Amino acid sequence: MEIIVCIKQILDPDLPPAKFMVDKERNKVIPPEGIPFVINPYDALAVEAALKIKDEKGGKITVITIGDKSTEDIVRKALAMGADEGLIISDTIFEESDSFAVGYILAQGIKKIGRYDLILCGRQAADWDNGVVGSVVAEYLGIPIVTRAKDVKVVNGRVNVERVTTDGFETFELELPALITVSSELGQARLPSGWGIIKAASKEIPIWSGKEIETDISKVGKKASRNQLMRLIIPSYERRCEFITGEDLHEISAKLTSKLMERRIHE
Amino acid sequence: MNNLRGILVVGETEGGKLNPITHELLGGARELVKIIEEEASLLLMGEELAPVAQEGISFGADKIFIVESPLYRDYNPDSYAHLICGVCKKANPRLCLMGHTDLGREAAPRVSARLGAGICMDCVELRVDSSKQSFVQTRPVFGGKAMAEITSLPGNIQIDTVRRKSMSPISPSVDRKGEIVDLTNEIDPPMIRAKLVNQRRQESEGIDLEKAKVIVAGGGGIGNREGFERIKELAQLLGGAVGTTRVPVDEGWVPHSLEIGQTGKIVSPDLYVAVGISGATQHVTGILGSKYIIAINKDPDANIFKVSNLGVAADYKEVLPRVIESLKTLIQ
Ligand SMILES: Cc1cc2nc3c(=O)[nH]c(=O)nc-3n(C[C@H](O)[C@H](O)[C@H](O)COP(=O)(O)OP(=O)(O)OC[C@H]3O[C@@H](n4cnc5c(N)ncnc54)[C@H](O)[C@@H]3O)c2cc1C
Ligand SMILES: Nc1ncnc2c1ncn2[C@@H]1O[C@H](COP(=O)(O)O)[C@@H](O)[C@H]1O
């Protein structure tokens, strides 16, 4: 089994709202100082899904990311979790690429890698929350895709995917090669082991340029973008909160009860 | 692509009726076509569509595209993406609207990749820009911490998924007229590579979250599965539904179909009671339509209080049993 996992470096989605700031002139997020970027949590779960398959069937896992040199940290993290190879695709011509361009670049990288049975992505990157790139990669490679998996199993050369829907579950069976995007219901991503960290630290991570993956420059960067970001604003949803106070919990509970009585549904 | 015209809504049906999201999208489409002075059309796929087509017209569609076939009775990622692409090529809309539903989340990116369309996911607002050549979509990003305003390219088809409850349906009228166009024989049969082998619905007891007038939601602060029995009891007494956040779902205390927020359901009850919920933006983004929010949290600085109307800064284990006992005697 040759498995490729696409991982993205993002601003920590658990960052408290008070620390989240934007540059209104340039429509950009200002990353707060001293808070490290993280691997997109859904992508860590995609790595986990790959590792589970490898634990059972053996195989090789390659993680791939598009970004600058700083993305090395998340690649090493995935290696420490148990991935076999890491790869960074980096070029200034990729800056400000939209989802289609990112999907195209990943597909070009994957074509250069050559062999793959299964490609795993996150259901969405928890920064811009698009959930588009996986589908674009699948379209460029001409392979089937199922999104939002909670369980991915390889059985007899096919892949069985249980995925979450709004009100339940669906199981699909796909021919390989296929692309699957992974949702939070998969569970928890394993922590890197001590030995994994040591091994990952010295692992060489190749960096491929646009040229090396034979990029058609008309398909990447800002000018290829099909949508334009006009404004990025921080909304305010604050309400004026009145706190219930009282001598003791009896009184507080009684006041809450009468508030609820006012607003319950009368049948 | 040239000669783009009008807005195409991808319809969803349930039990022979249009899904509420389709009513909403048609309402939104009507607002937009008023400005661009073009038509709003609706795509319906599946079986026995004639009565649904009439419903579509009464809710604002000028034209209905029908593809009637057992192939499209149930959702399949391959067949639906194929079909929507095919219909977009025939209808050539400027804008194709889908709900940000199971269908839209999966089909929209694929259709846009195939058509070379622009795409915005999870839009909460949509307008025509002043040149009337492109659309301006507003969508929450960074888990709801920011809102992005994004414009489409003039002359290029744009595909948007729209969050539930962000557009309003028109009041339906049986006097509205519309044209029905049958495309059944014009779409090649799809190539299905993802075969559905099993489907399971999660038991959702009681009231549908998305329609509920009252919701009592428990978060990570509930602590365990047993704690949720108190939440259920309170919900029942108030005539409401039970909701939750990501944490209890991850812990396995409650099924994922009860999760509210960015990746879960979008709710807009008259009363939302948040118990042991911190108020992370990814959750809050799903409850903003609530008329009145009451929060119970033992941390007086919890973010949830910032978005609430009424706050109780206390341990829910001290408060809820008392409240439940008094409500029982008051209501019975
Ligand atoms: C990409 C992404 C998407 C996400 N999508 C969603 C989503 O759709 N929906 C969602 O809900 N979350 C979502 N999350 C998770 C979200 O970020 C938060 O982690 C989650 O909402 C936290 O849930 P919580 O507030 O219930 O739990 P916690 O963060 O564990 O907070 C528990 C709260 O309970 C209080 N508490 C503890 N004990 C008691 C007690 N005895 N009495 C009263 N109060 C008590 C604490 O003070 C605390 O405020 C998403 C996260 C990411 C990264
Ligand atoms: N820059 C990137 N490098 C590698 N993978 C990416 C990148 N951007 C997106 N992806 C993958 O595509 C998924 C969906 O991203 P998005 O469509 O941006 O929400 C992510 O979870 C990743 O698996």
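Above this text is the structure in question.
Notes on the structure in this doc start here. (Residues numbered from 1 in each chain as written. Chains lettered and ligands numbered in written order. Predicted model: local features only at pLDDT ≥ 70, side-chain atom pairs only at ≥ 80, totals over all residues. Heavy atoms only, no water.)

A few points about the interface of chain B and chain A
Across the boundary between the two partners, chain B contributes 87 residues, which contact 75 residues of chain A. Summed over both sides, the interface of chain B with chain A buries roughly 7300 Å², with 57% coming from carbon and sulfur. Among the residues of chain B in contact with chain A, Phe142(B), Lys145(B) and Arg193(B) are the three that bury the most area, contributing 11% of the side total. Arg148(A) is paired through a salt bridge with Asp102(B); the nearest N and O atoms lie 3.0 Å apart. Counting across the interface, chain B meets chain A through 44 residue pairs in polar contact (both at pLDDT 80 or more). Per-class residue counts for the side of chain B that touches chain A are 41 nonpolar, 26 polar and 20 charged. Relative to strand 18 (residues 310-312) of chain B, strand 15 (residues 242-243) of chain A is paired through 2 bridges, and the arrangement is parallel. Residue pairing in the sheet places Phe243(A) in a bridge with Gly311(B) of strand 18 of chain B. (Contact = heavy atoms within 4.5 Å. Buried area = accessible area lost by both parts, 1.4 Å probe. Salt bridge = Lys/Arg side-chain N within 4 Å of Asp/Glu carboxyl O. Polar contact = N/O pair within 3.5 Å; in protein donor to acceptor, adjacent residues only side chain to side chain. Nonpolar A, V, L, I, M, F, W, Y, C, P; charged D, E, K, R; others polar. Pairing = 2+ DSSP bridges. Helix = DSSP H or I, 4+ residues; strand = E, 2+ residues; numbered from the N terminus.)

Observations regarding the site of ligand 2
All names here are of chain A. With respect to spatial proximity, 18 residues lie near ligand 2, and among them Asp43, Ala125, Gly131, Val132 and Val133 are the closest. Contacts to ligand 2 include Val132, whose backbone N or O atom sits 2.7 Å from an oxygen atom. Between ligand 2 and Val133 there is a distance of 2.7 Å, counted from an oxygen atom to a backbone nitrogen or oxygen. The fraction of the free accessible surface of ligand 2 (480 Å²) that becomes covered by protein chains is 96%. (Near = heavy atom within 4 Å. Areas by Shrake-Rupley, 256 points an atom, 1.4 Å probe, with all protein chains shown as cover.)

As for the pairing of strand 6 (residues 60-66) of chain A
All names here are of chain A. The buried fraction of strand 6 amounts to 5 of the 7 residues, a majority that puts the element mostly inside the structure. Note: strand 1 (residues 2-6) against strand 6, 5 bridges, orientation parallel. Bridging across to strand 6, Val5 finds its partner in Val63. In terms of strand pairing, strand 6 meets strand 7 (residues 85-89) through 5 bridges, oriented parallel. Paired with Val63 across the bridge in strand 7 is Gly86. (Buried < 20%, exposed > 50% of the residue type's maximum accessible area, 1.4 Å probe, protein only.)

So, unusual backbone geometry
That bond from Leu176(A) to Pro177(A) is cis: its omega, -5 degrees, falls within 30 degrees of zero. Position of Pro177(A) relative to the elements: it lies in the loop between strand 11 (168-175) and strand 12 (178-182). Positioned with a positive phi, Asn92(B) is a non-glycine residue whose angle comes to about 50 degrees. Under the relative-accessibility criterion, Asn92(B) is labelled partly exposed at 21%.

Some remarks on the environment of Glu48(B)
Secondary-structure assignment places Glu48(B) in the loop between strand 4 (40-46) and helix 2 (50-58). In this structure the C-alpha to C-alpha distance between Glu48(B) and Thr245(B), which are 197 residues apart in sequence, comes to 38 Å.

Considering the nonpolar core
Residues Leu256(A), Leu260(A), Leu234(B), Tyr272(B), Val275(B) and Ile304(B) are the most contacted members of the largest nonpolar core, which totals 52 residues. Residue assignment for this core shows that the elements contributing at least two residues are helix 6 (249-263) of chain A together with strand 14 (214-218), helix 5 (227-237), strand 15 (241-244), strand 16 (271-275), strand 17 (292-296), strand 18 and helix 8 (316-331) of chain B. Residue contributions to this core peak at 6 residues, all from helix 8 of chain B. In this structure Leu256(A) touches Ile244(A), Ile294(B), Ile296(B), Val312(B), Val319(B) and Val323(B), once residues within four positions along its chain are discounted. By size, the runner-up hydrophobic cluster in this structure holds 39 residues, among which are Ile61(A), Val63(A), Ala149(A) and Leu174(A). (Core = buried A, V, L, I, M, F, W, Y, C linked by side-chain atoms within 4.5 Å.)

Points about the site of ligand 1
Surveying the vicinity of ligand 1 reveals 28 residues, the closest of which are Gly220(B), Thr245(B), Thr263(B), Ser278(B) and Asn297(B). Of the chains in the model, those with residues near ligand 1 are chains A and B. Take Gly264(B): an N or O atom from its main chain is 3.5 Å from an oxygen atom of ligand 1. The contact in question runs from an oxygen atom of ligand 1 to an N or O atom on the side chain of Asn297(B), over 2.8 Å. Contact with the protein chains hides 84% of the accessible area of ligand 1, taken as 990 Å² for the molecule alone. Looking at the shell around ligand 1, the elements with two or more residues in it are helix 6 (246-251), helix 7 (281-284) and helix 8 of chain B. Residue classes in the shell around ligand 1 are distributed as 9 nonpolar, 13 polar and 6 charged.

Structural notes on the pattern of salt bridges
Side chains bearing opposite charge may pair, as long as their charged atoms lie close to each other. If you walk through the whole model with that rule in mind, you get 44 salt bridges over all chains. In this structure, Lys222(A) engages Glu96(A) in a salt bridge whose closest nitrogen and oxygen atoms are separated by 3.7 Å. Taken together, the residues Lys222(A) in the loop between strand 13 (207-208) and strand 14 (227-233) and Glu96(A) in the loop between strand 7 and helix 3 (99-113) connect sequence positions 126 residues apart. Exposure remark for Lys222(A): the relative accessible area of 53% places this residue in the exposed category. Three or more residues are tied together by salt bridges with common partners; here these are Glu139(A), Asp78(B), Arg110(B) and Arg114(B).

Thoughts on the side chain of Ser69(B)
Residues and elements named next belong to chain B. Of note, Ser69 is situated in the loop between strand 5 (63-68) and helix 3 (77-91). The class for Ser69 is buried, based on a relative accessible area of 13%. A polar contact is formed between the side chain of Ser69 and the backbone nitrogen of Leu71, at a distance of 3.0 Å. If sequence neighbours within four positions are ignored, Ser69 has contacts with Gly46 and Glu47.

Some details on helix 4 (residues 133-141) of chain A
Three or four residues apart is the spacing at which side chains of an α-helix point the same way, because the helix has 3.6 residues per turn. Along helix 4 of chain A, the residues that are buried comprise Gly134(A), Ser135(A), Val136(A), Val137(A), Ala138(A) and Leu141(A). Among the structural elements, helix 3, strand 8 (118-122), strand 9 (145-155) and strand 12 of chain A together with helix 4 (102-115) of chain B are those in contact with the buried residues of helix 4 of chain A. The positive-phi residue at the C-terminal boundary of helix 4 of chain A is Gly142(A), with phi of around 65 degrees.

All quantities given are derived from atomic positions and should not be read as evidence of function.
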